[in-house]
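The lines below spell out each chain.
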Amino acid sequence: CRVRNYKFNVVLRNTTRLCSTKPIVTVNGKFPGPTLYAREDDTVLVKVVNHVPYNVSIHWHGVRQLRTGWADGPAYITQCPIQTGQSFVYNFTITGQRGTLLWHAHILWLRSTVHGALVILPKRGVPYPFPKPDDEVVVILAEWWKSDTEAVINEALQSGLAPNVSDAHTINGHPGQVANCPSEGGFTLPVQSGNTYLLRIINAALNEELFFKIAGHKLTVVEVDATYVKPVKLDTILIAPGQTTNVLVTANQNSGKYLVAASPFLDTPNVSVDNATATATLHYSGTLANSPTTLTIPPPTNATAVANKFITSLRSLNSNKYPAKVPLKVDHKLLFTVGLGINPCATCKAGNGSRAVASVNNVTFVMPTTALLQAHFFNISGVFTTDFPGQPPHVFNYTGTPPSVLQTKNGTKAYKLSYNSSVELVLQDTGIIAPENHPVHLHGFNFFAVGRGLGNYNPKTDPKSFNLVDPVERNTIGVPSGGWVAIRFLADNPGVWFMHCHLEVHTTWGLKMAFVVDNGKGPNESILPPPSDLPKC
Ligand code: C2O
């Protein structure tokens, strides 16, 4: 293993999309940002230098960060942000992980343009557990906003109403074929007939779950969230913000151009239909540039059956070499409701005296002004409390119609887990306002998705059908609209770990909380001391 040094200069860069130009916040001037490569067991040092008029922090989404929570990145959770003119070196070792992850800004809505791939190759000499591809390609799905995303969310917070949605979806930075801006070129993926490609697909969008498909070609899923799965061949995959999916694609045609489409699931984009689907082109070598493209029709936005087919087909590889280590006994049995609600708001400029909020167990998380990890490590009181409720405040009963009481309570609360305890967490969606899934992301851990269902979770009968043998292992899971998922994980990583909906609008509204894991006893049970350049608030 070796040390990989990277430098991330966070700079403004004028960028043109949809026929208009604006300055965007980038890493090293690139949108999407640079791909970071490492091997399993490598140590990664990334020096982030902030040259923009915003506070910045970067999260290495899905990296376990064993005992190195200071390098995790979420602003005001594990660190204070890097201020303009300042820098911070993220220093972490990649332990027991290989596959595709992503890095992204973890403050306000800067993730819209500050994101990129994190590719972790297996240790030298260790093959993939699937046929070696002829080539590998990173495919990042995201959004393009004509306006400044910081302004979009600030405006929404002041009005109390839902923020605007993006103006287009993108594949590797480009919307593709867009009728109202014909000069907008899309991403081209050159292929050779007969070759097989590993696509490392990442959804970095702020607010959109996306379907992904390629005309005339099947996708064999081999990995999700940097964990190997039993290969499954599908026409369409679904990928939520924060999730990653590796697929093998064989170029089994002789020649031609084939449409690649990324289209939204369960949302009502106010973008024109034609902007809502991002497109790219699979281009066989030897095919003339002006030859016609074989098209494909993306699933409709309400294609729940297509989504379910993908979700329920995923299983851990669970081989001798990569066993699924599902916790079989449970120390903490938790039930969290996740969802949207409405709170009174006297100062809101719109919304008839109320505002949209989101919560976990009816707690709307309020961001602290000192990082929780600092408060925890240095015993600073008054920053957060550890009385986050392990069960909903009143018995939740999903009926599909909004209950009369939607109100939540503000708080900066964490739930305490003892080191090496095992956790079963059922996330129950309240499905009250919007018909979206909530892609919930847990920092610091991978978890096993042992169960999933619609309606109310039943603690007596549902656990009987849990998969404790080969459930998919992930760091981000879609909680189905009006349904639930059950996850299990081992709390083997001391620190303060954020958990939140990866739809940025829901995070902003408060669908977030934190776990504290720290016994402060044995050498592995506590977090290491902070690096000397850790930013100050
Ligand atoms: Cu990818 Cu807390 O985020």
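Residues numbered from 1 in each chain as written. Predicted model: local features only at pLDDT ≥ 70, side-chain atom pairs only at ≥ 80, totals over all residues. Heavy atoms only, no water.

1. A closer look at the pattern of salt bridges
Logical step 1: Per the counting criterion, the structure on display carries 13 salt bridges.
Logical step 2: Across the pair D42 and R4 runs a salt bridge, and its minimum N-O distance is 2.7 Å. Here the residue D42 occupies a position in the loop between strand 3 (36-39) and strand 4 (43-50), and R4 occupies one in strand 1 (residues 3-17), the gap between them amounting to 38 residues. The exposure classification of D42 matches that of R4, with both residues buried.
Logical step 3: The partner of R488 in a salt bridge is E424, and the shortest N-O contact between them spans 2.7 Å. Separated by 64 residues along the polypeptide, R488 in strand 31 (residues 483-490) and E424 in strand 26 (residues 422-429) bring together distant segments of the chain. (Salt bridge = Lys/Arg side-chain N within 4 Å of Asp/Glu carboxyl O. Helix = DSSP H or I, 4+ residues; strand = E, 2+ residues; numbered from the N terminus. Buried < 20%, exposed > 50% of the residue type's maximum accessible area, 1.4 Å probe, protein only.)

2. Focus: the sheet that holds strand 5 (residues 58-61)
Logical step 1: Spatially, four strands are ordered 3-8-7-5 in an open sheet, and the strand pairing comes out mixed. Looking at which strands have only one partner, the edges of the open sheet turn out to be strand 3 and strand 5. Each neighbouring strand pair of the sheet contributes to a mean axis angle of 25°, computed without reference to strand direction.
Logical step 2: Taken together, the four bridges between strand 5 and strand 7 (residues 99-105) define a ladder with antiparallel strand orientation. Each residue of the ladder has a partner; that of I58, found in strand 7, is A105. (Pairing = 2+ DSSP bridges. Axes fitted to C-alpha atoms, helices over the stretch in contact; angles between N-to-C directions.)

3. Some remarks on the pairing of strand 18 (residues 257-265)
Logical step 1: Among the nine residues that make up strand 18, nine are buried, leaving the element largely enclosed by the rest of the structure.
Logical step 2: The pairing of strand 13 (residues 209-214) with strand 18 spans six bridges and is antiparallel. If you follow F211 over to strand 18, its bridge partner there is S263.
Logical step 3: Relative to strand 19 (residues 278-284), strand 18 runs antiparallel, the two being bridged by six bridges. If you follow L259 over to strand 19, its bridge partner there is T281.

4. Quick notes on the sheet that holds strand 32 (residues 495-501)
Across a sheet, strands are paired by hydrogen bonds formed along the backbone, either parallel or antiparallel in direction.
Logical step 1: Here we have five strands laid out as an open sheet, ordered 25-33-32-27-30, and mixed in their pairing. With partners counted over all chains shown, the strands left at the sheet margins are strand 25 (414-417) and strand 30 (476-479), one partner each. For this sheet, the mean angle separating the axes of adjacent strands, direction not counted, is 20°.
Logical step 2: In the sheet, strand 25 pairs with strand 33 (residues 512-517) via four bridges, with the strands oriented parallel. The residue bridging A414 from the neighbouring strand is A514, located in strand 33.

5. A look at the domain arrangement of the chain
Logical step 1: In terms of domains, the chain is made up of domain 1 (1-128), domain 2 (130-316) and domain 3 (332-517).
Logical step 2: For domain 1 versus domain 2, the distance between C-alpha centres works out to 22 Å.
Logical step 3: In this complex, domain 1 contributes 28 residues to the contact, which on the side of domain 2 involves 44 residues.
Logical step 4: Summed over both sides, the interface between domain 1 and domain 2 buries roughly 3,200 Å², with carbon and sulfur atoms accounting for 65% of that surface.
Logical step 5: Three residues, L18, W109 and Y128, lead the burial of domain 1 against domain 2; their summed loss comes to 30% of the area buried on that side.
Logical step 6: Joining domain 1 to domain 2, the criterion identifies zero salt bridges.
Logical step 7: The interface formed by domain 1 and domain 2 contains 19 residue pairs in polar contact (both at pLDDT 80 or more). (Domains from an automatic or database assignment. Contact = heavy atoms within 4.5 Å. Buried area = accessible area lost by both parts, 1.4 Å probe. Polar contact = N/O pair within 3.5 Å; in protein donor to acceptor, adjacent residues only side chain to side chain.)

6. Topic: the packing of aromatic side chains
Two aromatic rings are characterised by how far apart their centres lie and by the angle between their planes.
Logical step 1: All told, the structure shown has 23 aromatic pairs when counted by the stated rule.
Logical step 2: Residues F8 and W103 carry aromatic rings whose centres are separated by 4.7 Å and whose planes lie at 55° to one another, so their mutual orientation is tilted. Linking F8 in strand 1 with W103 in strand 7, this pair joins segments that are 95 residues apart in sequence.
Logical step 3: For F8, a relative accessible area of 1% gives the class buried.
Logical step 4: On the basis of relative accessible area, W103 is assigned to the buried category, the value being 0%.
Logical step 5: A centroid spacing of 5.6 Å and a plane angle of 65° characterise the contact between Y258 and Y284, whose relative ring orientation is edge-to-face. Remark: Y284 occurs in strand 19 and Y258 occurs in strand 18; sequence separation between them is 26 residues. By the burial criterion, Y258 is buried, and Y284 matches it.
Logical step 6: Each residue in the set F336, F388, Y415, F445, F489, W497 and F515 is aromatic and connected to the rest through ring pairs, giving one cluster. (Phe/Tyr/Trp six-rings, centres within 6.5 Å; stacked < 30°, edge-to-face > 60°.)

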